[in-house]
Amino acid sequence: MKAMKQIRWAALALLLLGVACDDGKIYEAYQPMEEQGSVYQLTAILRGVDTWPDDYELVAAAFGDSPYATYTKVIHAPAREGEPVSVILSGMREVNQVEICAVNRLRKRIVTFYQTEFTLQEDTLFVDAGTLDVSIGNGVQQQVFNTDCIGCHGASTFAAANLFLTEGKSEAALVGVPSTRSEVGKLLVTPGSPDESFLMDVLTHPEAVRHDHVDILPAKPDKLTLLEAWIESIKTNL
């Protein structure tokens, strides 16, 4: 009898404490969408993936309000030219946009090739970005020449010093072309050698070279570094 009473008191204590005999869960706890994050699958045909040097990465990336990526997934060159590349970003929260872009070692955006707005959602978002030229040469064209140079060098019918830096003309106008203003006979761009390129002399040592530019790029070190990386890459990419 005494043993029976002890069992009853033990059972009552368990009930009062809210402890079940079997507390194992047979289902996963529900997680709100804000905790799980969103999934984004981006597909594209990309040209020039393997032209970027080691100091940069070509990525699918998600950004908030900062130029530094919150989520990234490295994009590798496809096994065959023209084969679509598919990249998945998952668990994303507090993201405003998703891009195909090049970032530096700090995951700072350097040049954007594709961008789309993004909002948190339950279903996986599938996006086809089409065919993109993501080469470092196109990156320089978009991020440097188009934004800082073509106003004087070819956006209209006039190009200062007859130097056209518009799309489809800039590489031929620069690479391997002798400078008419270099006292030591430098080329405007010497493949593989920024130090031997007169273009870099003008942009990094304006006091040593007389010119009529408004000195914009010296205040933008990321762009100068990108230009140097492009010149270094030309020896293998031409």
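Residues numbered from 1 in each chain as written. Predicted model: local features only at pLDDT ≥ 70, side-chain atom pairs only at ≥ 80, totals over all residues. Heavy atoms only, no water.

Novice: What is the right way to look at helix α3 (residues 136-149) in this model?
Specialist: In an α-helix there are 3.6 residues to a turn, and that puts residues three or four apart on one side. The largest bend along α3 measures about 25° and falls at Gln142. Of the positions making up α3, those classed as buried are Ile136, Asn138, Gly139, Val140, Gln141, Val144, Phe145, Asp148 and Cys149. (Bend = angle between axes of the 7 residues up to and from the residue. Helix = DSSP H or I, 4+ residues; strand = E, 2+ residues; numbered from the N terminus. Buried < 20%, exposed > 50% of the residue type's maximum accessible area, 1.4 Å probe, protein only.)

Novice: Can you walk me through the packing of aromatic side chains in this structure?
Specialist: Aromatic ring pairs are reported here in terms of the distance separating the ring centres and the angle at which the planes meet. Scanning the model with the defined rule gives 4 aromatic pairs in all. With a centroid separation of 6.1 Å and an interplanar angle of 85°, the aromatic rings of Phe145 and Trp230 are classed as edge-to-face. Taken together, the residues Phe145 in helix α3 and Trp230 in helix α6 (residues 221-237) connect sequence positions 85 residues apart. A relative accessible area of 4% means that Trp230 is categorised as buried. Through a chain of ring-to-ring contacts, three or more aromatic side chains come together here, namely Trp52, Tyr56 and Phe113. Sitting over the face of the ring of Phe63, Arg109 holds its NZ or CZ atom 4.0 Å from the ring centroid. Here the guanidinium or amino end of Lys169 rests over the ring plane of Phe164, the centre of that ring lying 4.7 Å away. (Phe/Tyr/Trp six-rings, centres within 6.5 Å; stacked < 30°, edge-to-face > 60°. Lys NZ or Arg CZ within 6 Å of the ring centre and 35° of its normal.)

Novice: So what exactly am I meant to see when it comes to the side chain of Ser179 here?
Specialist: Relative to the assigned elements, Ser179 resides in the loop between α4 (170-174) and α5 (198-204). In this structure the side chain of Ser179 is engaged in a polar contact, spanning 3.1 Å, whose partner is the backbone nitrogen of Arg181. (Polar contact = N/O pair within 3.5 Å; in protein donor to acceptor, adjacent residues only side chain to side chain.)

Novice: I would appreciate a short explanation of the nonpolar core in the present structure.
Specialist: Soluble globular proteins tend to pack their nonpolar side chains together in the buried interior. Trp52, Ile75, Ile100, Phe145, Leu174, Leu227 and Trp230 are the most contacted members of the largest nonpolar core, which has 51 residues in total. Among the elements that line this core, the one with the most residues is α6, at 7 residues. Discounting chain neighbours no more than four positions away, the residues touching Trp230 are Ile136, Gly137, Val140, Phe145, Glu171, Leu174, Val175 and Val189. (Core = buried A, V, L, I, M, F, W, Y, C linked by side-chain atoms within 4.5 Å. Contact = heavy atoms within 4.5 Å.)

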